[in-house]
Amino acid sequence: QVQLVESGGGLVQPGGSLRLSCAASGSIFIIYDMGWYRQAPGKQRELVATINRSGSTNYGDSVKGRFTISRDNAENTVYLQMNSLKPEDTAVYYCNMIYQRLLSTPRGNFWGQGTQVTVSS
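Description of the structure in this document. The structure displayed is predicted, hence computed values, not measured ones.

**A look at the sheet that holds strand 7 (residues 67-72)**
Okay, step 1: Across the sheet, four strands lie side by side as 1-3-8-7; this open sheet has antiparallel pairing. Strands with a single pairing partner mark the edges of an open sheet, and in this sheet they are strand 1 (2-7) and strand 7. Pairwise comparison of adjacent strand axes, ignoring direction, gives a mean angle of 15° for this sheet.
Okay, step 2: Of the strand pairs in this sheet, strand 3 (residues 18-26) and strand 8 (residues 77-82) are connected by six bridges, and their pairing is antiparallel. Across the sheet, the residue bridging to Cys 22 is Val 78, located in strand 8.

**Observations concerning the packing of aromatic side chains**
Okay, step 1: A full pass over the atoms with the stated rule returns two aromatic pairs.
Okay, step 2: Summarising the aromatic geometry, the rings of Tyr 37 and Trp 111 are spaced 5.1 Å apart at their centres and angled 65° between planes, so their arrangement reads as edge-to-face. Of this pair, Tyr 37 sits in strand 4 (residues 30-39) while Trp 111 sits in strand 10 (residues 108-111), and the two are 74 residues apart along the sequence.
Okay, step 3: Their ring planes at 85° and their centres at 6.4 Å tell us that Tyr 99 and Phe 110 sit as a pair that is edge-to-face. Of this pair, Tyr 99 sits in strand 9 (residues 91-100) while Phe 110 sits in strand 10, placing them eleven residues apart in sequence.
Okay, step 4: Taking relative accessible area as the criterion, Tyr 99 reaches 12% and is therefore assigned buried.
Okay, step 5: Positioned above the aromatic ring of Tyr 94 is the side chain of Arg 45, whose terminal nitrogen or guanidinium carbon lies 3.8 Å from the ring centre.
Okay, step 6: Here the basic side chain of Arg 45 rests over the ring of Trp 111, its NZ or CZ set 4.6 Å away from the ring centre.

**Quick look at the state of the cysteines**
Joining two cysteines, a disulfide is a covalent bond between their sulfur atoms.
Okay, step 1: Applying the stated criterion across every chain yields a total of one disulfide.
Okay, step 2: At a sulfur-sulfur separation of 2.0 Å, the disulfide partner of Cys 22 is Cys 95. As the torsion about the S-S bond is roughly -90°, the Cys 22-Cys 95 disulfide counts as left-handed. Within this pair, whereas Cys 22 is found in strand 3, its partner Cys 95 is found in strand 9, the two being separated by 73 residues in sequence. Each member of the pair, Cys 22 as well as Cys 95, carries the same accessibility label: buried.

Criteria and thresholds
Residues numbered from 1 in each chain as written. Predicted model: local features only at pLDDT ≥ 70, side-chain atom pairs only at ≥ 80, totals over all residues. Heavy atoms only, no water. Pairing = 2+ DSSP bridges. Helix = DSSP H or I, 4+ residues; strand = E, 2+ residues; numbered from the N terminus. Axes fitted to C-alpha atoms, helices over the stretch in contact; angles between N-to-C directions. Phe/Tyr/Trp six-rings, centres within 6.5 Å; stacked < 30°, edge-to-face > 60°. Buried < 20%, exposed > 50% of the residue type's maximum accessible area, 1.4 Å probe, protein only. Lys NZ or Arg CZ within 6 Å of the ring centre and 35° of its normal. Disulfide = S-S within 2.5 Å.

Here it is, written out as structure tokens:
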């Protein structure tokens, strides 16, 4: 069994900061990419940021310069530091990973349950 446990969401005022964490556990041989996606009410899920094992990152255009993704490979954990938050950042944020359960199994795509981020005064 594999789990992604997200934490750190909540309510913050515009201009504020939040840090999300996502820890993977269970039967995991290796994690390749980890990332964050978000979905606002009535909108499609969109990319926030991804990071591979080597630390190469990719960001959605709307968060570049404000959000920073990082990871701890030893702890199978990914973080998202969100600064200068705007009301339009309000969404459910989902953690994602591309992983292998065993060396002999194909790569899989796994999602967390999501954590709510609300930016409002």
